[in-house]
Amino acid sequence: MKNNTSFKSVRKLTTDKIWLLVVLVLFFVYPFMVSNYYIDVAFFFGIYALLGLSLNIVLGEVGLFDLGHAAFYAIGAYTTAILNTRFGIPIIVLLPVSAFAAGLFAYVVCSPVIHLKGDYLCIVTIGMGEIVRLALLNNPFDLTGGPNGVFGIDFPSFGIFEIDSSIKFYFLIWVVVALGIIGLIQLQHSRIGRAWNCIREDEIAAEANGIDVRYYKLLAFVLGAALAGVAGNIYASKLMIVSPESFSFMESCMLFCIVLIGGMGSIPGVVIGAAAISLFPEIFRPFAMYRMLIFGLVMILMMIFRPGGIWPRKRGVI
Amino acid sequence: MNQNRNEIVLQTQHLTKKFGGLTAVGQMDLKVHRGEIISLIGPNGAGKTTVFNVVTGIYKPDAGNVIFNGENIQGKKPHQIVAKGIARTFQNIRLFPNMTCLENIMAGQHCRGTAGVCASIFRTFGQKQEERRIKEISENCLRQIGLEKYKDELAKNVSYGNQKMLEIGRALATHPKLLVLDEPSSGLNPRESEDLIDFLKDLVKEDLTILIIEHDMKVVMGISDWVTVMDEGRKIAEGPPDKIYSDPLVIEAYLGKEEDDMEL
């Protein structure tokens, strides 16, 4: 019996490894096979994957409805944009700064409302997202440039090596996504990940079993926001311009869909969800008129036939 | 087992909890001695579960104190109280349904661990050791409650009786000094109830104290060292089980007086 299971797990491991190898080869070959346009498509797929992963901490792992996640993304992007254009601080230095700023913002905004449950928290986060967007639009202290946004943002550079082309950005974002995935997998299989899942499953039981619910909910928000801040940093330096319309309520909804379509709390699921959301418009470009119609239909069918998402998290042998 | 009999583990003093105009628990004094099994009984709505919720920190009392091992824990948060050594189960099972049985037990070990975010992401030596320890303790705990074969099964998929045991196992995994069980035998068949009685008696031998809400008189008489009876938020009687069984006040609370029936 024991031998049998270990044999099975070995075989499982090797098929997993083969899949990983295939994905890695595709990843390295892809940018050299296609035009810059399709490299950029893959770049935005990476941005959405990173944002999806960041929302997945809050929504997927802890089950907190956060429909204002674009606000954290915006804080990261604007922190980078403003500090870079005003003070000339290098983008790469601003990467942790943006993460910290978004995390701090999440802490300050969420700590008074973290006790709210389900849809109540959802409404508050929608409000937060809109307030941030409107604040950026109104150009406070002449910092955000109002509807025009901030432009002239530098490319990131490591010493003399500057990330200035689509292909380099493609590798940058996917390296960051890969690091994010590794970190999140480690967290999933630690007492912190388990505590998050317990809160999602039954908050009162979690609290009654010694899990500090408030602390772990706030932790999820802060980490999720920090990761979204990192995405904001890379986004800002890639586009060289940030403006409020990139961080609309629709954007938050998209991120929400990524996690729901992919599978709550499932890391491969979220990456697939991000692929669906970011590649979908490309595939259906010929039917641009019916895009949202098809999208809505797919969402409804998904919720009926696969409520757990495309790739739900499998639990089992730890 | 008996050398510490006089040591009081848990004591409530004039505990009062009101919901609006309703006094759910009024002036409740309760003493729990170390190494004993104390039953709290009473008709539905007597306030038993409210006492449990106040003791475990889920409700804040309106007046009175809760003293645990000589320390006033009134007003502390539930997770802090668990860390101090009071673990509980719920009247309606509250497991983590979409997590495996082992993960459910491991959740109980959470408060005995210390690894933070950085240690978890970078898998430090200490974190790995701690994870190994948590897993080992949890597997032992599963074996103790007889569920080791369901280790990787989702908690929602195991039978009702096993879910009840799993909840007790999760509480035990927090390494409590006092175990607070809210109707552990409800929904169990007579055979399972007997197993449960034996299991709880064994636990007490290992220097655990148990406070229990129970409706099944057979269970109450079978395991209790002391019985406290509540009615309408107040303590109406207490004593050893055989004495309680024939107490007129208790019979009245359960069955009512003849005059009461007339007035109704």
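Since the model is a prediction, treat every value here as computed from it, not as a measurement.

A. Representation of the overall build of chain B. When helices and strands are tallied, chain B shows 11 helices and 10 strands. Its C-alpha atoms give chain B a radius of gyration of 20 Å, within 12% of the compact-globule value 18 Å for 264 residues. In terms of principal-axis extent, the alpha carbons of chain B reach across some 70 × 40 × 40 Å. Taking the intrachain contacts of chain B between residues at least 6 apart in sequence as the baseline, contacts between residues at least 24 apart amount to 67%.

B. The sheet that holds strand E9 (residues 226-231) of chain B, seen in detail. Residue and element names in this part refer to chain B. Spatial strand order, E6-E7-E8-E3-E9-E10: 6 strands in an open sheet with mixed pairing. In the strand order of this sheet, the two ends are held by strand E6 (86-88) and strand E10 (234-239), each with one partner. Averaged over all adjacent pairs, the angle separating strand axes in this sheet is 20 degrees, with direction ignored. Pairing geometry for strand E3 (residues 37-41) and E9, over 4 bridges, is parallel. Bridged to Ser39 within E9 is Val227.

C. Broad picture of the interface of chain B and chain A. At the junction of the two partners, chain B supplies 34 residues and chain A supplies 25 residues. Among the secondary structure elements, those contributing two or more residues to the side of chain B that touches chain A are helix H2 (78-84), helix H3 (101-109), helix H4 (117-122) and helix H5 (125-144) of chain B. Here the side of chain B that touches chain A gets 5 residues from one element, more than from any other, and that element is H3 of chain B. A breakdown of the residues in the side of chain B that touches chain A according to their chemical character gives 17 nonpolar, 10 polar and 7 charged.

D. Structural context of the domain arrangement of chain B. Residue and element names in this part refer to chain B. Each domain of chain B was delimited in the assignment, giving domain 1 (1-85 + 176-264) and domain 2 (98-173). Computed over C-alpha atoms, the centres of domain 1 and domain 2 are 28 Å apart. The interface of domain 1 with domain 2 comprises 10 residues on the first partner and 7 residues on the second. Elements with a minimum of two residues in the side of domain 1 that touches domain 2: H2 and strand E7 (178-182). The leading source of residues in the side of domain 1 that touches domain 2 is H2, at 3 residues. Within the side of domain 1 that touches domain 2, the residues separate by chemical class into 7 nonpolar, 2 polar and 1 charged.

E. A look at the nonpolar core. Counting 158 residues, the largest nonpolar core has Leu50, Ala74, Ala102, Ile173, Ala220 and Ala231 of chain A as its most contacted members. Per-element accounting of this core gives the leading share, 16 residues, to helix H9 (residues 213-239) of chain A. Per-domain counts for this core show at least three residues from each of domain 1 (1-85 + 176-264) and domain 2 (98-173) of chain B. Residues within four places of Ala220 of chain A in sequence aside, it is in contact with Ile57, Val58, Glu61, Val62, Leu64 and Trp196 of chain A.

F. Looking closely at helix H3 (residues 70-87) of chain A. Residues and elements named next belong to chain A. Given a rise of 1.5 Å per residue, 18 residues ought to cover 26 Å, and the 25 Å separating the end C-alpha atoms of H3 matches this to within 8%. With 13 of 18 residues buried, H3 is to be regarded as a mostly interior element. Remark: Gly88 follows H3 within two positions and exhibits a positive phi of approximately 65 degrees.

G. Just the pairing of strand E2 (residues 22-33) of chain B, in detail. In terms of strand pairing, strand E1 (residues 8-19) of chain B meets E2 of chain B through 8 bridges, oriented antiparallel. For Gln11 of chain B, the partnering residue across the bridge sits in E2 of chain B and is Lys31 of chain B.

H. Layout of the sheet that holds E1 of chain B. Residues and elements named next belong to chain B. Across the sheet, 4 strands lie side by side as E2-E1-E4-E5; this open sheet has antiparallel pairing. Looking at which strands have only one partner, the edges of the open sheet turn out to be E2 and strand E5 (71-72). Bridge count for strand E4 (residues 63-68) against E5 is 2 bridges, and the pairing is antiparallel. Each residue of the ladder has a partner; that of Phe68, found in E5, is Glu71.

I. Quick look at the pairing of E7 of chain B. Residue and element names in this part refer to chain B. Most of E7 sits inside the fold, with 5 of its 5 residues counted as buried. Alternating residues of E7 divide into Leu178, Val180 and Asp182 and Leu179 and Leu181, and every residue in both groups is buried. As judged from the 3 bridges shared by E6 and E7, these two strands associate in the parallel manner. Following the sheet pairing, Arg88 is matched in E7 by Val180. The pairing of E7 with strand E8 (residues 209-213) spans 5 bridges and is parallel. Counted as the bridge partner of Leu179 is Ile210 from E8. A crossover links E7 with its parallel partner E8, the connecting element being helix H7 (residues 190-205), and its sense is right-handed.

J. Here's a closer look at the packing of helix H2 (residues 36-61) of chain A against helix H11 (residues 267-283) of chain A. All names here are of chain A. Here H2 crosses H11 at 135 degrees, and the two axes come no closer than 8 Å. As summarised for this structure, H2 and H11 are arranged oblique, according to the angle between their axes. Crossing hand, H2 versus H11: right-handed. Residues Val41, Phe44, Phe45, Tyr48, Ala49, Gly52, Leu53, Asn56 and Gly60 of H2 pack against Ile267, Val270, Val271, Gly273, Ala274, Ala275, Ile277, Ser278, Leu279 and Glu282 of H11. Residue classes in the contact of H2 with H11 are distributed as 13 nonpolar, 5 polar and 1 charged.

K. Broad picture of the packing of H3 of chain A against helix H5 (residues 118-137) of chain A. Residues and elements named next belong to chain A. Viewed as axis vectors pointing N to C, H3 and H5 meet at an angle of 30 degrees, and their least axial separation amounts to 8 Å. As far as their axial angle goes, H5 and H3 are roughly parallel. Residues Ala70, Ala71, Ala74, Ile75 and Tyr78 of H3 lie in contact with H5, whose contacting residues are Met128, Gly129, Val132, Arg133 and Leu136. Per-class residue counts for the contact of H3 with H5 are 8 nonpolar, 1 polar and 1 charged.

L. Region of the structure containing the confidence of the model for chain B. Considering every residue of chain B, the mean pLDDT works out to 87; 94% of them sit at 70 or more. Under the prediction, the complex receives an ipTM of 0.87, its pTM being 0.88.

M. Region of the structure containing unusual backbone geometry. Residue and element names in this part refer to chain A. Notably, Asn139 is not glycine yet its phi reads approximately 55 degrees, a positive angle. Mapped onto the fold, Asn139 is located in the loop between H5 and strand E1 (150-151). Judged by C-beta crowding, with 15 C-beta atoms within 10 Å, Asn139 ranks as partly exposed. A positive phi angle, near 65 degrees, is found at Met240, a position not held by glycine. Looking at the secondary structure, you find Met240 in the loop between H9 and strand E4 (241-242).

N. Highlighting the environment of Arg194 of chain A. Mapped onto the elements of the fold, Arg194 of chain A is located in helix H7 (residues 191-201). With 70 residues separating them along the chain, Arg194 of chain A and Met264 of chain A place their C-alpha atoms 14 Å apart. When residues no more than four places from it in sequence are discounted, the contact partners of Arg194 of chain A are Glu103, Met106, Ala107 and His110 of chain B.

Criteria and thresholds
Residues numbered from 1 in each chain as written. Chains lettered and ligands numbered in written order. Predicted model: local features only at pLDDT ≥ 70, side-chain atom pairs only at ≥ 80, totals over all residues. Helix = DSSP H or I, 4+ residues; strand = E, 2+ residues; numbered from the N terminus. Rg over C-alpha atoms; globule rule 2.2 N^0.38 Å. Contact = placed C-beta atoms within 7 Å. Pairing = 2+ DSSP bridges. Axes fitted to C-alpha atoms, helices over the stretch in contact; angles between N-to-C directions. Nonpolar A, V, L, I, M, F, W, Y, C, P; charged D, E, K, R; others polar. Domains from an automatic or database assignment. Core = buried A, V, L, I, M, F, W, Y, C linked by C-beta atoms within 7 Å. Buried ≥ 20, exposed ≤ 12 C-beta atoms within 10 Å, placed from the backbone. Expected span 1.5 Å × (residues − 1). Right-handed = clockwise from strand over helix to strand, strands pointing away. Parallel < 35°, antiparallel > 145°, perpendicular 65-115°, else oblique. Left-handed = near helix turned anticlockwise from the far one by under 90°. pLDDT = per-residue confidence, 0-100.

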